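Chain residues, written in single-letter form:
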Amino acid sequence: NLTVKYNPDTDSNELINYPTLLDLASYTNNPADRGMDNYYPFLTDDEILAANNAYNVYTNGGTMSEDMQAVLDSALNVVLPKGVESVKPGLFSGVDANGDSTGTLTNNDIQTITMNGLAEVVPHMFEGCDSLIGAYIEGDAVKIGDYAFKDCENLVDVDVNPNLSESGQIPFIG
């Protein structure tokens, strides 16, 4: 369940939130929680239970149902569909395009990212995402920024579209 909003400053549809592994343990649709980051009024009680169970089975071991696996995959294997044109600074890495902290924690659980509509993978976008093993840059992306995947020490599978024409300063260092 990606949260995308139009950002007039960048004139783009911007990803501002996505389900992380930790989020799965705390989803709620209780109206008393309105305004909280974990409030998802469109989720059914069964979907919330599946998310909570997926988190518990993943962290404690056990057999995962197909529904639980699908929920878990949404947190570990993020797919940005066409139409998501930019990403809120620091959303994945906790640092902005200048390498300065945004106050957001680095997502150390994301394993793969597939980007289908971004024009640019901005500098430092995935810096420090040390569980990231695959990055798939498809669609319209024409640029990978400086240090975009810095310190992604487990990144072993990268696929970029043939339209990629510009690469920043050592985007895959570390």
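One can find the structure itself at the top, above this paragraph.
Residues numbered from 1 in each chain as written. Predicted model: local features only at pLDDT ≥ 70, side-chain atom pairs only at ≥ 80, totals over all residues. Heavy atoms only, no water.

Asker: A description of the overall build of the chain should follow, citing residues and the corresponding values.
Answerer: Helices and strands together make up the secondary structure of the chain, namely three helices and ten strands. Counting from the amino terminus, helix and strand elements in the chain follow one another as β-β-α-α-α-β-β-β-β-β-β-β-β. At 16 Å, the chain has a C-alpha radius of gyration in line with the 16 Å of a compact globule built from 174 residues. Over its C-alpha atoms, taken along the principal directions, the chain stretches across nearly 45 × 35 × 30 Å. Taken over 174 residues, the chain has a buried fraction of 38%. Within the chain, residue pairs in contact and separated by at least 24 positions form 41% of the contacts whose partners lie at least 6 positions apart. Just so you have it, the chain exposes about 9100 Å², and 48% of that area is on carbon and sulfur atoms. Distance between charge centres in the chain, computed from 6 positive and 27 negative side chains, equals 8 Å. (Helix = DSSP H or I, 4+ residues; strand = E, 2+ residues; numbered from the N terminus. Rg over C-alpha atoms; globule rule 2.2 N^0.38 Å. Buried < 20%, exposed > 50% of the residue type's maximum accessible area, 1.4 Å probe, protein only. Contact = heavy atoms within 4.5 Å. Areas by Shrake-Rupley, 256 points an atom, 1.4 Å probe, with all protein chains shown as cover. Lys, Arg positive; Asp, Glu negative; His and termini not counted. Charge placed at Lys NZ, Arg CZ, Asp CG, Glu CD.)

Asker: Residues and numbers for the nonpolar core, please.
Answerer: Counting residues in hydrophobic clusters, the biggest one holds 25 residues, and the most contacted among them are Phe92, Ile113, Phe126 and Phe149. Formed by 14 residues, the second largest nonpolar core is a distinct cluster that contains Leu24, Leu43, Val57 and Leu76. (Core = buried A, V, L, I, M, F, W, Y, C linked by side-chain atoms within 4.5 Å.)

Asker: So what's going on with the packing of aromatic side chains? Residues and values would help.
Answerer: In the structure shown here, the tally under the stated rule is four aromatic pairs. Ring geometry for Phe92 versus Phe126: centroids 4.9 Å apart, planes at 35°, classification tilted. You can see Phe92 sitting in the loop between β4 (86-87) and β5 (112-115) and its partner Phe126 sitting in the loop between β6 (120-121) and β7 (134-137), a full 34 residues away along the chain. Grouping residues by exposure puts Phe92 and Phe126 together as buried. Here the aromatic rings of Phe149 and Phe172 are separated by 5.0 Å at their centres, their planes lie at 5°, and the arrangement is stacked. Of this pair, Phe149 sits in the loop between β8 (143-144) and β9 (157-160) while Phe172 sits in the segment after β10 (166-167), and the two are 23 residues apart along the sequence. Taken together, Tyr18, Phe92, Phe126, Phe149 and Phe172 form an aromatic cluster joined through their ring pairs. A cation sits over an aromatic face here: Lys150 above Tyr147, 5.8 Å from the ring centre. (Phe/Tyr/Trp six-rings, centres within 6.5 Å; stacked < 30°, edge-to-face > 60°. Lys NZ or Arg CZ within 6 Å of the ring centre and 35° of its normal.)

Asker: Just give me the short version of the environment of Tyr18, but keep the residues and values in it.
Answerer: Tracing the backbone shows Tyr18 in the loop between β2 (12-17) and α1 (21-24). Side-chain polar atoms of Tyr18 contact the side chain of Asn107, separated by 2.7 Å. (Polar contact = N/O pair within 3.5 Å; in protein donor to acceptor, adjacent residues only side chain to side chain.)

Asker: Just give me the short version of helix α3 (residues 66-76), but keep the residues and values in it.
Answerer: Inspection of α3 places Met68, Leu72, Ala75 and Leu76 among the buried residues, and these make up the whole buried set. Mapping the buried residues of α3 onto a view down its axis gives an arc of 85°, with all of them on the same face. Projecting away from the buried face of α3 at angles above 90 degrees are the exposed residues Glu66 and Asp67. On its buried face, α3 sits against α1, α2 (45-60), β3 (77-80) and β5. (Arc of directions from axis to C-beta.)

Asker: Which residues make up the sheet that holds β8, and what are the values?
Answerer: Strands sit in the order β6-β8-β10 across an open sheet of three strands; the sheet is parallel. Single-partner strands in this sheet number two, and they are β6 and β10. For β8 and β10, the ladder comprises two bridges, and the chain directions are parallel. By the bridge assignment, Ile144 is partnered in β10 with Ser167. (Pairing = 2+ DSSP bridges.)

Asker: Can you tell me about the sheet that holds β9, naming the residues and giving the values?
Answerer: Spatial strand order, β3-β5-β7-β9: four strands in an open sheet with parallel pairing. Looking at the sheet topology across the chains shown, the edges are occupied by β3 and β9. Taking each pair of neighbouring strands and ignoring which way they run, the sheet shows an average axis angle of 5°. (Axes fitted to C-alpha atoms, helices over the stretch in contact; angles between N-to-C directions.)

Asker: Lay out the packing of α2 against α3 with the relevant residues and their values.
Answerer: Look at α2 against α3: their axes get within 8 Å of each other, and the N-to-C directions meet at 80°. By the angle class used here, α2 and α3 are roughly perpendicular. Contacts from Ala50, Ala51, Asn53, Ala54, Val57 and Tyr58 of α2 reach α3 at Met68, Val71, Leu72 and Leu76. Tallied by class, residues from the contact of α2 with α3 come to nine nonpolar, one polar and no charged. (Parallel < 35°, antiparallel > 145°, perpendicular 65-115°, else oblique. Nonpolar A, V, L, I, M, F, W, Y, C, P; charged D, E, K, R; others polar.)

Coordinates in, geometry out; function isn't part of it.
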